[in-house]
Amino acid sequence: MGEIAAQIAAFDAEFKKATRLLHAEDALKASSWQQQQRSGELCDWIFTRIPPHLGVAKLLEAAEILLSKDQFELARRKCFVRVAEAGLLDTGFAGGELTMKERRRMHVVALYGIARCDAALLAVRDTALRHPQ
């Protein structure tokens with residue numbers, strides 16, 4: 001378990017550095033592409049390095065951080081979709097100590113997160129939706 005804990009600690013430190021440079025007002029600007037790319041790569045990295053039951057929890061945590069910085073597309077694509085497609089509801093999922101109830105909750109959180117991101121992205125792209133006449 002020491003190796004897994006070290007990988008989680010490394011992810012937390014690197015993700016904090018990468019997201020510190022992300023700002024809500026820059027979410028759709030090309031100037032933040034490198035920080036977005038790095039954050040996405042870290043999400044990919046952690047999900048492949050630790051057991052799935054820990055990986056989905058870390059991705060949900062990372063998604064909330066990204067949402068707080070208005071990084072809706074990144075949170076959707078790299079975190080919520082990944083968790084929703086992780087097979088949490090499958091009987092063969094390596095759930096560790098997660099009960100089926102906890103796995104269902106995480107799955108629903110991921111689906112709800114996708115919907116939140118979709119709604120936020122639509123609001124950003126459609127000014128009539130944000131300011132109806």
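Everything that follows concerns the structure shown earlier in this document.
Just so we're clear, the structure is a prediction, and the values are computed from it rather than from any experiment.

Conventions and cut-offs
- Residues numbered from 1 in each chain as written.
- Predicted model: local features only at pLDDT ≥ 70, side-chain atom pairs only at ≥ 80, totals over all residues.
- Heavy atoms only, no water.
- Axes fitted to C-alpha atoms, helices over the stretch in contact; angles between N-to-C directions.
- Helix = DSSP H or I, 4+ residues; strand = E, 2+ residues; numbered from the N terminus.
- Parallel < 35°, antiparallel > 145°, perpendicular 65-115°, else oblique.
- Left-handed = near helix turned anticlockwise from the far one by under 90°.
- Contact = heavy atoms within 4.5 Å.
- Nonpolar A, V, L, I, M, F, W, Y, C, P; charged D, E, K, R; others polar.
- Core = buried A, V, L, I, M, F, W, Y, C linked by side-chain atoms within 4.5 Å.
- Buried < 20%, exposed > 50% of the residue type's maximum accessible area, 1.4 Å probe, protein only.
- Salt bridge = Lys/Arg side-chain N within 4 Å of Asp/Glu carboxyl O.
- Expected span 1.5 Å × (residues − 1).
- Phe/Tyr/Trp six-rings, centres within 6.5 Å; stacked < 30°, edge-to-face > 60°.

Caption draft 1: The packing of helix α3 (residues 52-68) against helix α5 (residues 100-125), seen in detail. It is the contact of α3 with α5, at a shortest axis distance of 11 Å, that shows an interaxial angle of 25°. If you check the angle between α3 and α5, you find them roughly parallel. In terms of crossing hand, the pair formed by α3 and α5 is left-handed. Note on element contacts: α5 touches α3 through Met106, Val109, Ala110, Arg116 and Cys117, opposite Val56, Ala57, Leu60, Glu64 and Leu67. A class-by-class count of the residues in the contact of α3 with α5 yields eight nonpolar, no polar and two charged.

Caption draft 2: Representation of the nonpolar core. Counting 35 residues, the largest nonpolar core has Phe15, Leu59, Leu66, Ala75, Cys79, Phe80 and Val83 as the members making the most contacts within it. Those elements that place two or more of their residues in this core are α1 (2-20), α2 (33-49), α3, α4 (72-84) and α5. The leading source of residues in this core is α4, at eight residues. Residues contacting Phe15, with those up to four places away along its chain left out, are Ser39, Leu42, Cys43, Ala62, Ile65 and Leu66.

Caption draft 3: Highlighting the pattern of salt bridges. Tallying each qualifying case throughout the model produces nine salt bridges. Between Glu14 and Lys17 there is a salt bridge, with its nearest N and O atoms 3.1 Å apart. One end of the pair, Glu14, and the other, Lys17, are both in helix α1, three residues apart, so they sit about a helical turn from each other. Residue classification places Glu14 among the partly exposed positions, given a relative accessible area of 28%. For Arg82, the salt bridge goes to Asp44, with nearest N and O atoms at 2.9 Å. Taken together, the residues Arg82 in helix α4 and Asp44 in helix α2 connect sequence positions 38 residues apart. A residue is classified by how much of its surface remains accessible, and Asp44, at 25% relative accessible area, is partly exposed.

Caption draft 4: Spatial organisation of α3. Under the 1.5 Å per step criterion, the end-to-end length of α3 is 24 Å for 17 residues, consistent within 8% with the ideal 24 Å. Downstream of α3 by a residue or two, Asp70 has a phi angle that is positive, lying close to 60°.

Caption draft 5: Structural detail: α5. Its 26 residues give α5 an end-to-end C-alpha distance of 38 Å, which sits within 8% of 38 Å, the value for a rise of 1.5 Å per residue. Burial in α5 covers these residues: Arg103, Met106, His107, Ala110, Gly113, Ile114, Cys117, Ala120 and Leu121. Against α3 and α4 lie the buried residues of α5.

Caption draft 6: Just the packing of α2 against α4, in detail. Running from N to C, α2 and α4 cross one another at 10°; their axes reach a closest spacing of 10 Å. In terms of their interaxial angle, α2 and α4 are classed as roughly parallel. From α2, Gln36, Ser39, Gly40, Cys43, Asp44, Phe47 and Thr48 reach across to α4, where they touch Leu74, Lys78, Cys79 and Arg82. Looking at the contact of α2 with α4 residue by residue, the classes come out as four nonpolar, four polar and three charged.

Caption draft 7: Quick look at the packing of aromatic side chains. The final tally for this structure, using the stated rule, is one aromatic pair. Ring geometry for Phe11 and Phe15: centres 5.2 Å apart, planes at 20°, overall stacked. One end of the pair, Phe11, and the other, Phe15, are both in helix α1, four residues apart, so they sit about a helical turn from each other. Owing to a relative accessible area of 3%, Phe15 belongs among the buried residues under this scheme.

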